[in-house]
Amino acid sequence: MDTTSFDKTKTEIDGPVHASLRHDSAHKHVTGSAEYIDDIPEPAGLIHGALGLADRAHAEIVSMDLSEVEKTPGVLWVMVAKDVPGENDISSGGRHDEPLLAETKVEFHGQPIFAVFAETRDIARKAARKAKITYKDLPHFTDIDTAIENGGALVIDPMTLKRGDAKLEMDVVPRRLTGTMRIGGQEHFYLESHIAMAVPGEDDEVTLWSSTQHPSEIQHIVSHILQVPSNAVTVQVRRMGGGFGGKETQGNQFAALCAIAAKKLNRAVKIRPDRDEDMTATGKRHDFRVDYELGFDEEGRIHAVDATYAARCGFSSDLSGPVTDRALFHADSSYFYPHVHLTSRPLKTHTVSNTAFRGFGGPQGMLGAERFIEEIAYAVGKDPLDIRKLNFYGETGSGRTTTPYHQEVEDNIIARIVEELETSSDYRARREAIIEFNKTSPIIRKGIALTPVKFGISFTMTAFNQAGALVHIYNDGSIHLNHGGTEMGQGLYTKVAQVVADAFQVDIGRVKITATTTGKVPNTSATAASSGTDLNGMAAYDAARQIRERLVKFAAENWSVPEEEVVFLPNRVRIGLEEIAFNDFIKKAYFARVQLSAAGFYKTPKIHWDRAAGRGTPFYYFAYGAACSEVSIDTLTGEYLMERTDILHDVGKSLNPAIDIGQVEGAFVQGMGWLTTEELWWDGKGRLRTHAPSTYKIPLASDRPKSFNVKLAEWAENAEPTIGRSKAVGEPPFMLAISVLEALSMAVASVADYKVCPRLDAPATPERVLMAVERLKKV
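Rules behind the numbers
Residues numbered from 1 in each chain as written. Predicted model: local features only at pLDDT ≥ 70, side-chain atom pairs only at ≥ 80, totals over all residues. Heavy atoms only, no water. Helix = DSSP H or I, 4+ residues; strand = E, 2+ residues; numbered from the N terminus. Rg over C-alpha atoms; globule rule 2.2 N^0.38 Å. Buried < 20%, exposed > 50% of the residue type's maximum accessible area, 1.4 Å probe, protein only. Contact = heavy atoms within 4.5 Å. Expected span 1.5 Å × (residues − 1). Axes fitted to C-alpha atoms, helices over the stretch in contact; angles between N-to-C directions. Parallel < 35°, antiparallel > 145°, perpendicular 65-115°, else oblique. Nonpolar A, V, L, I, M, F, W, Y, C, P; charged D, E, K, R; others polar. Pairing = 2+ DSSP bridges. Patch = residues over 30% accessible without salt bridge, like charges linked within 9 Å, V, L, I, M, F, W, Y side chains within 5 Å. Areas by Shrake-Rupley, 256 points an atom, 1.4 Å probe, with all protein chains shown as cover. Salt bridge = Lys/Arg side-chain N within 4 Å of Asp/Glu carboxyl O. Lys, Arg positive; Asp, Glu negative; His and termini not counted. Charge placed at Lys NZ, Arg CZ, Asp CG, Glu CD. Right-handed = clockwise from strand over helix to strand, strands pointing away. Core = buried A, V, L, I, M, F, W, Y, C linked by side-chain atoms within 4.5 Å. Disulfide = S-S within 2.5 Å. pLDDT = per-residue confidence, 0-100.

Caption draft 1: Here's a closer look at the overall build of the protein chain. If you tally the helices and strands in the protein chain, you get 19 helices and 29 strands. Here the protein chain has a C-alpha radius of gyration of 27 Å; the compact-globule value for 779 residues is 28 Å, and the two agree. Projected onto the principal axes, the alpha-carbon positions of the protein chain cover approximately 85 × 75 × 50 Å. Looking at the 779 residues of the protein chain, the share that counts as buried comes to 63%. Considering only residue pairs separated by 6 or more positions, the protein chain has 80% of its internal contacts joining residues 24 or more positions apart.

Here it is, written out as structure tokens:
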């Protein structure tokens with residue numbers, strides 16, 4: 001890029017905020033030139049690691065003979081729990097309930113017991129299979145029902161949200177019903193599996209490359225494992241090949257093992273599990289069982305909700321506490337419950353510890369709420385959309401704005417979103433046409449549903465709502481940007497670069513986006529909770545603001561003009577009546593010894609949360625959206641087709657509409673997979689059998705709706721002063737896919753003339769759809 005010239009006639013910069021701009025690595029993604037950790041040139045003498053996994057779901061380790069493993073030519077070291085220098089623990093929340101390597105007992109099939117380090121990856125993997133381990137089997141339970149039957153042990157204290165008196169109200173309402181909904185889990189299935197590489201430094205230092213959403217947590221875990229201070233551990237992340245929450249905590253074990261071996265052997269170490277090992281040994285989305293009782297009137301207006309949300313959490317707590325909390329936070333979906341009592345039940349099971357996944361419990365809570373609406377609609381004989389609209393949160397002053405956790409909904413635009421989509425999708429006419437079609441079609445049945453989304457934005461752990469950034473301007477006018485957010489394909493780096501470019505009114509090509517590293521920005525939060533742009537964008541803006549204020553002061557003093565006469569224009573600066581190229585201006589500032597570097601910081605205001613009391617303001621704002629989906633099912637086989645989906649989604653004033661629409665489309669398809677084709681299954685021995693693409697079906701391009709119409713609500717603007725008045729877009733659109741399950745449910749309901757709620761559980765696989773059809777034929 002030539003930074004020595006500029007066009008005085010140019011009226012705008014390339015890539016300002018609110019402009020559609022391609023992802024900074026898009027061309028690299030499609031050509032295969034984007035560099036991931038396994039593409040980094042391997043250091044001389046690199047050692048490869050492999051995991052030794054348990055083949056029992058729950059057992060005591062009686063003996064472990066690793067002699068054949070150690071004798072394998074090329075094996076350098078076999079590591080077991082006693083070799084961990086510090087505490088043998090990689091738990092995320094500091095509960096000390098997740099060992100790096102099992103020592104005396106295994107608690108899920110596939111739990112790491114030892115690690116092999118060898119000259120090649122193939123040698124390490126083959127050697128790991130030679131271990132001879134004797135177990136004493138213990139009783140195991142792998143699902144929610146058997147966990148409850150065996151005492152219902154919890155991995156963390158449950159949470160309760162309540163307002164009013166649900167039990168008392170339930171006794172006086174005109175109508176009431178009870179039910180149960182089962183909601184399946186989901187595998188992250190990122191394209192890049194977990195991977196870590198450690199390079200030992202001098203003294204106590206080690207540098208790690210890790211495919212992680214949370215570099216600071218990797219730093220923290222490794223420092224404790226090695227018994228060294230955090231300043232000795234540097235973690236770097238340029239990009240991930242997908243994350244979706246699966247790399248928030250689950251990278252801890254791979255990074256820790258690499259770091260220990262690197263310091264022990266004084267050579268670089270890399271661990272990359274294959275897909276089967278990755279799926280077996282790492283956590284997934286929590287599956288839930290929702291037991292509910294609803295009180296409502298003849299119009300379909302909700303009076304009371306009493307529900308328990310039991311979750312399969314796995315053998316340790318991991319993030320199950322905040323995940324099940326967030327499920328309760330979204331158990332209202334977009335609806336006001338006058339009387340409500342909600343309880344979480346984070347159950348311990350002998351399965352891999354489940355973890356974060358896009359939506360972080362919110363989708364499960366919201367899906368339960370849409371089942372409530374569906375139950376009521378069939379009970380009173382009305383269109384579910386009418387029941388939805390009847391129960392929406394109201395405007396400020398309506399008396400219908402308080403959530404079950406006592407936060408006021410002050411920015412409610414859901415009614416407008418739904419009304420606009422209802423009109424643009426021609427929902428009413430299409431629904432009537434579908435009902436008529438179903439009357440005369442004996443085999444193919446259709447369904448349509450329009451569902452809303454209201455999703456709270458912020459980490460519910462208040463301390464995580466902070467971010468730092470580092471901005472340098474070099475004396476040639478080029479800009480270096482670093483922040484604590486990680487790039488997993490979602491376009492965060494591009495958006496934050498747009499913020500910085502816009503702040504100085506320069507083309508985005510001037511801004512060098514650099515890898516996230518704990519050595520530049522400390523104490524970062526995970527890139528999660530849809531808050532990456534909100535937090536890091538504001539932190540970067542703060543850094544740019546500091547530099548800009550210094551530059552304005554310098555120009556005003558040096559040119560003897562008022563500060564208000566110093567104006568940043570596209571790639572130049574106007575000072576009084578004079579215009580000067582940005583790079584020339586920066587050069588003058590440098591020679592005048594103006595500091596051209598700044599560390600920015602941001603913390604989200606207004607939020608607070610008291611978990612014990614179940615009260616507070618855990619969310620800074622809400623993001624809204626709605627989707628209308630139409631499906632066709634074959635009542636003889638249960639197979640179905642996605643005919644059409646229309647989406648209207650609120651991202652506030654979009655920082656980058658092209659990237660945001662891509663996020664909405666991707667989230668919807670991923671959510672559709674969760675609710676239709678993706679099914680996790682453990683056998684009677686506690687073995688995960690859906691552990692590879694051969695047995696686990698993610699949605700393909702051919703599964704997308706035949707007609708897929710996605711629009712952003714261009715009139716929307718965040719009421720809160722977020723960066724550019726934008727809103728988060730990572731997680732909220734995931735729940736738009738609930739419209740697919742509801743549409744399938746309507747198609748099934750046609751078999752019984754819409755008299756009975758089909759109670760279609762998720763995932764609604766063709767087998768499950770067929771069983772529901774057969775069940776309703778007998779009604």
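Caption draft 2: Structural detail: helix α17 (residues 657-676). Across its 20 residues, α17 extends 28 Å between first and last C-alpha, which sits within 8% of the 28 Å expected from 1.5 Å per residue. By the criterion of burial, α17 is predominantly enclosed, with 14 of the 20 residues buried.

Caption draft 3: Highlighting the packing of α17 against helix α18 (residues 738-749). Two numbers describe how α17 lies on α18: the axes approach to 8 Å, and their chain directions differ by 45 degrees. Taken together, the axes of α17 and α18 lie oblique to each other. Every residue of α18 that contacts α17 at F668, M672, L675 and T676 is listed here: I738, S739, V740, L741 and L744. Here the contact of α17 with α18 is built from residues that sort into seven nonpolar, two polar and no charged.

Caption draft 4: Focus on the sheet that holds strand β5 (residues 112-118). With mixed pairing, eight strands are arranged side by side in an open sheet as β3-β5-β1-β12-β9-β10-β11-β20. Pairing within the sheet leaves two strands with one partner each, and these edge strands are β3 (75-79) and β20 (516-517). Bridge analysis of strand β9 (residues 196-200) against strand β12 (residues 269-271) gives three bridges, and the strand direction is antiparallel. Looking at β12, one finds that A196 is bridged to I271. Contacting β1 (47-53), β3 and β5, helix α3 (residues 121-128) crosses the sheet at an angle of about 20 degrees to β1. Set on the sheet, helix α7 (residues 252-265) makes contact with β1, β3, β5, β9, β10 (206-210) and β12; between it and β9 the angle comes to about 25 degrees.

Caption draft 5: How the structure looks around a negative patch on the surface. Together, E557, E563, E564 and E565 make up a region of like negative charge exposed at the surface. A residue is classified by how much of its surface remains accessible, and E565, at 37% relative accessible area, is partly exposed.

Caption draft 6: Structural context of a nonpolar patch on the surface. Judged by side-chain polarity, I443, I444 and L636 come together as a nonpolar surface patch covering roughly 240 Å² of accessible area. As for its position among the elements, I443 is in the loop between α13 (427-440) and β16 (444-457).

Caption draft 7: Structural view of the pairing of strand β15 (residues 339-348). Direction of pairing for strand β7 (residues 160-163) relative to β15: antiparallel, over a ladder of four bridges. Each residue of the ladder has a partner; that of R163, found in β15, is V340. Of the pairings in the sheet, the one linking strand β14 (residues 302-314) to β15 comprises ten bridges and is parallel in character. Counterpart to Y309 in the pairing with β15 is S344. Tracing the backbone out of β14, into helix α9 (residues 320-329) and back to the parallel element β15 gives a crossover that is right-handed.

Caption draft 8: Just the nonpolar core, in detail. One finds F504, L551, F585 and F668 to be the most contacted residues of the largest nonpolar core, which totals 163 residues. With 13 residues, the top contributor of residues to this core is helix α15 (residues 532-559). Sequence-distant contacts of F504, that is, excluding residues within four places in its chain, are made with I473, I479, A544, I547, R548, L551, F568 and F582. V84, I90, I221 and V228 belong to the second-largest nonpolar core, a separate cluster that totals 35 residues.

Caption draft 9: Geometry of the sheet that holds strand β4 (residues 105-106). Taken together, the three strands give an open sheet; going across it, the order is β4-β2-β6, and neighbouring strands pair in antiparallel fashion. Among the strands making up the open sheet, the edge pair consists of β4 and β6 (132-137). Here strand β2 (residues 59-65) runs beside β6; their pairing, made up of six bridges, is antiparallel. Across the sheet, S63 pairs through a bridge with T134, a residue of β6.

Caption draft 10: Representation of the environment of E217 in the model. Tracing the chain through its elements places E217 in helix α6 (residues 215-226). Judged by relative accessible area, E217 falls into the buried class, the value being 10%. In the structure, E217 is positioned 50 residues away from R267 in sequence and 23 Å away in space, judged by C-alpha atoms. Ignoring any residue separated from it by four or fewer positions in sequence, one finds E217 in contact with S92, E248, T249 and N252.

Caption draft 11: Unusual backbone geometry, seen in detail. Cis rather than trans, the peptide bond between A762 and P763 has omega equal to 0 degrees. Relative to the helices and strands, P763 resides in the loop between α18 and α19 (766-777). In this structure, D426 takes a positive phi of about 60 degrees despite not being glycine. Turning to its location among the elements, D426 is positioned in the loop between α12 (414-424) and α13. Its identity as a non-glycine residue notwithstanding, Q505 has a phi of 55 degrees, on the positive side. Its place among the elements puts Q505 in the loop between α14 (492-504) and β19 (511-513).

Caption draft 12: Representation of the pairing of β9 within the structure. When you tally the buried positions in β9, you get four out of five residues, the bulk of the element. The pairing of β9 with β10 spans five bridges and is classified as antiparallel. Residue pairing in the sheet places V199 in a bridge with T207 of β10. Joining the antiparallel neighbours β9 and β10 is a turn of five residues, in which D203 adopts a positive phi near 55 degrees.

Caption draft 13: View of the pattern of salt bridges. For the structure shown, the criterion picks out 53 salt bridges. In this structure, D38 and R272 form a salt bridge, with 2.9 Å as the shortest nitrogen-oxygen distance. Within this pair, whereas D38 is found in the loop between α1 (26-31) and β1, its partner R272 is found in the loop between β12 and α8 (275-281), the two being separated by 234 residues in sequence. The exposure class assigned to D38 is partly exposed, which follows from its relative accessible area of 34%. For R272, a relative accessible area of 29% translates into the label partly exposed.

Caption draft 14: Quick look at the state of the cysteines. In total, this model carries zero disulfides according to the counting rule given. Among the cysteines around C628, which has no disulfide bond, C757 carries the closest sulfur, lying 19 Å off.

Caption draft 15: Representation of the confidence of the model for the protein chain. Per-residue pLDDT for the protein chain averages 97, and the proportion of residues at 70 or more is 99%. Within the model, pLDDT remains below 50 along residues 1-6, and this stretch shows ten contacts once partners closer than five positions in the same chain are excluded.

Caption draft 16: Here's a closer look at the environment of R593. Relative to the elements of secondary structure, R593 occurs in the loop between α16 (582-591) and β24 (597-603). You can call R593 exposed: its relative accessible area is 80%.

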